[in-house]
Amino acid sequence: MTTQIHQLDHELIQAAAQVARARCRGDNHTMAAAGRAPDGRVVTAVNAYHFTGGPCAELVLIGTAAAQGVYELETIVAVGDRDRGVVPPCGRCRQVLLDYFPALKVIVGAGERTRTVPISELLPESYVWADHQLDAEEAPLP
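Residues numbered from 1 in each chain as written. Predicted model: local features only at pLDDT ≥ 70, side-chain atom pairs only at ≥ 80, totals over all residues. Heavy atoms only, no water.

**Notes on the overall build of the chain**
Working step 1: Counting secondary structure elements, the chain contains four helices and seven strands.
Working step 2: Taken over the C-alpha trace, the chain has a radius of gyration of 16 Å; the compact-globule value for 142 residues is 14 Å, and the two agree within 12%.
Working step 3: For the chain, the spread of C-alpha atoms along the three principal axes comes to 55 × 35 × 30 Å.
Working step 4: When burial is assessed residue by residue, the chain has 39% of its 142 residues classed as buried.
Working step 5: Excluding contacts between residues fewer than 6 apart, the proportion of contacts in the chain whose partners are at least 24 apart in sequence is 56%.
Working step 6: Roughly 8600 Å² of accessible area belongs to the chain as shown, and the carbon and sulfur atoms make up 54% of that amount.
Working step 7: Distance between charge centres in the chain, computed from 12 positive and 17 negative side chains, equals 12 Å. (Helix = DSSP H or I, 4+ residues; strand = E, 2+ residues; numbered from the N terminus. Rg over C-alpha atoms; globule rule 2.2 N^0.38 Å. Buried < 20%, exposed > 50% of the residue type's maximum accessible area, 1.4 Å probe, protein only. Contact = heavy atoms within 4.5 Å. Areas by Shrake-Rupley, 256 points an atom, 1.4 Å probe, with all protein chains shown as cover. Lys, Arg positive; Asp, Glu negative; His and termini not counted. Charge placed at Lys NZ, Arg CZ, Asp CG, Glu CD.)

This is the structure:
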């Protein structure tokens, strides 16, 4: 279910854009992400580009949030450097975000088409990692 963007979402976009302008330099850091925790805290991060597939800003954000004691995120957005605006998460990030935060909302789109969507809507017919894990009592003995 797609929802209209709210003031808090605009503030999240602005937080990511501010980090992108201030911290993204050269080819190593080209994307910034911002996430909002249930208690209202905003966590930001930048990607760490490397030719071997360095982590996207959304994935760095997960670790940064945990380092700050934030283990749940309600909404996330990624913004490109050079004022490229909101950028939707790549496929790998979509899967990881779904696995970590199944109820997460993601800000996507540009201009008047900017909207908030559930992560599950960005990854239909998804593989849910947790659904395929053995429970402790079901795990085979060594």
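Next comes the rest of the write-up.
**Focus: the pattern of salt bridges**
Working step 1: A full pass over the atoms with the stated rule returns five salt bridges.
Working step 2: In this structure, the salt-bridge partner of Arg21 is Asp83, at a minimum N-O distance of 3.9 Å. Of this pair, Arg21 sits in helix H1 (residues 7-23) while Asp83 is found in the loop between strand S4 (75-80) and strand S5 (85-86), placing the two residues 62 residues apart along the sequence.
Working step 3: Asp83 gets classed as exposed once you look at its relative accessible area, which sits at 63%.
Working step 4: Beyond isolated ion pairs, a larger network of salt bridges with shared partners links Asp81, Arg82 and Arg84. (Salt bridge = Lys/Arg side-chain N within 4 Å of Asp/Glu carboxyl O.)

**So, the environment of Arg21**
Working step 1: Assessed through its relative accessible area of 48%, Arg21 is described here as partly exposed.
Working step 2: Along the chain, Arg21 and Gly80 lie 59 residues apart, while their C-alpha atoms are 9.0 Å from each other.

**As for the side chain of Thr114**
Working step 1: Positionally, Thr114 belongs in the loop between strand S6 (105-108) and strand S7 (115-118).
Working step 2: A distance of 2.9 Å separates a polar atom in the side chain of Thr114 from the backbone oxygen of Gly111.
Working step 3: Sequence-distant contacts of Thr114, defined by excluding residues within four places in its chain, comprise Ile5, Ile13, Ile107, Val108 and Gly109. (Polar contact = N/O pair within 3.5 Å; in protein donor to acceptor, adjacent residues only side chain to side chain.)

Remember, this is a structural readout, not a statement about activity or role.
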